Amino acid sequence: MTAAMKDNAIVAAQLLQVRGLTRRFGGLTAVDAVDLDVAEGQIHGLIGPNGSGKTTCINLMSGVLRPDGGSIVLDERELAGRPTHVIAGAGMARTFQNIRVFGRLTVLENVLIGFNQTLGYKLLDVLTLRNRAVEDRLREQAMGLLEFVGIADKYSAVATSLSYGEQRLIEVARALALKPRLLLLDEPLVGMNPAEVDRVVGLLQRMRGQGLTMMLVEHKMRVVMSICDQITVLNFGRRVASGCPDDIRANPEVIRAYLGESHGIRKRTARS
């Protein structure tokens, strides 16, 4: 990280503040009093060995799961325990580890569904609009998002006919339809070939360039270290380190956590 990037990390306003976030599954504490801050306009990496609590954190932040304790404040609004639609309406969108496109709908229709939250329409209403002016405006915006992510030429194709990497781009475009302040990306590069990885990394950099704040859960350390401004590291549900990429690379506890996983030492059997 350059000196300028470090200075930006210090002065950037905190868009998301998480304090004491906790979630238990029976006798297992999957997320254990985690604190983290995400600065506005940055890409914040959330990393750790399998089973360290990364996806559970994302699920708690986005409302898929309810926390057993702690605070989740987005732009001074407390969101802990609120329903997913309320959290989305507050400006937090997400993608999932497993691709979730509507397979029988076209690429364009998949993106149009993303507008149901911002406009107050139900999902079916968005796809069956009778107001021509509204319909034209939504389709224009959806096509703009598809152009931005690079798959506008596939707008009329059935979503599942696209490649794996392109289906990921559909999900990103649909999430952007929510006009999020913060976008949570849960392993968006999993299963991609090198060309697809480079394509998505370029997209993330353009999104940051337009001022979008992101939290990135990812195992590809080359990518994380190259594009993230700040990184939080989890292990066994607890935060073990937080800082810029250079600090994380040199942190002995982070090194031990990854060496332990790669050599098969005591793997956790919880959800990630």
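Rules used in this analysis
- Residues numbered from 1 in each chain as written.
- Predicted model: local features only at pLDDT ≥ 70, side-chain atom pairs only at ≥ 80, totals over all residues.
- Heavy atoms only, no water.
- Core = buried A, V, L, I, M, F, W, Y, C linked by side-chain atoms within 4.5 Å.
- Buried < 20%, exposed > 50% of the residue type's maximum accessible area, 1.4 Å probe, protein only.
- Contact = heavy atoms within 4.5 Å.
- Helix = DSSP H or I, 4+ residues; strand = E, 2+ residues; numbered from the N terminus.
- Expected span 1.5 Å × (residues − 1).
- Arc of directions from axis to C-beta.
- Salt bridge = Lys/Arg side-chain N within 4 Å of Asp/Glu carboxyl O.
- Pairing = 2+ DSSP bridges.
- Axes fitted to C-alpha atoms, helices over the stretch in contact; angles between N-to-C directions.

Undergrad: Give a detailed account of the nonpolar core, specifying residues and quantitative values.
TA: Val-149, Leu-176, Leu-183, Leu-204 and Met-207 are the most contacted members of the largest nonpolar core, which totals 51 residues. Among all residues touching Leu-183, those that are not within four sequence positions of it are Ala-93, Arg-94, Ala-175, Leu-176, Met-207, Leu-212, Thr-213, Met-214 and Met-215. Formed by 25 residues, the second largest nonpolar core is a distinct cluster that contains Leu-21, Leu-36, Ile-87 and Leu-234.

Undergrad: Can you lay out helix H9 (residues 194-209) for me, pointing to particular residues and giving the numbers?
TA: With 16 residues, H9 ought to run about 22 Å at 1.5 Å a step, and its terminal C-alpha atoms sit 22 Å apart, in line with that. Every buried residue of H9 is listed here: Glu-196, Val-197, Val-200, Val-201, Leu-203, Leu-204 and Met-207. Buried residues in H9, looked at end-on, bunch into an arc of 160°, giving them a common side. Exposed residues lying more than 90 degrees from the buried face of H9 are Pro-194, Ala-195 and Gly-209.

Undergrad: Describe the pattern of salt bridges, naming the residues involved and giving the relevant values.
TA: Counted under the stated rule, the structure contains 9 salt bridges. Of the charged contacts in the structure, one is a salt bridge between Arg-168 and Glu-171, with a shortest N-O distance of 3.5 Å. Placement of the pair is Arg-168 and Glu-171 together in helix H8 (residues 164-176), with a separation of 3 residues, close to one helical turn. The class for Glu-171 is buried, based on a relative accessible area of 3%. Taken together, the shared-partner salt bridges connect Glu-40, Asp-75 and Arg-181 into one network.

Undergrad: If you had to explain the sheet that holds strand E1 (residues 14-25) to someone new, which residues and values would you point to?
TA: If you walk across this open sheet you meet the 4 strands as E2-E1-E4-E5, and the pairing is antiparallel. Two strands in the sheet have a free side with no partner beyond their single neighbour: strand E2 (28-39) and strand E5 (77-78). For E1 and strand E4 (residues 69-74), the ladder comprises 5 bridges, and the chain directions are antiparallel. What sits directly across from Gln-17, in E4, is Val-73. Contacting E1, E2 and E4, helix H2 (residues 54-62) runs over the sheet at an angle of about 115° to E1.

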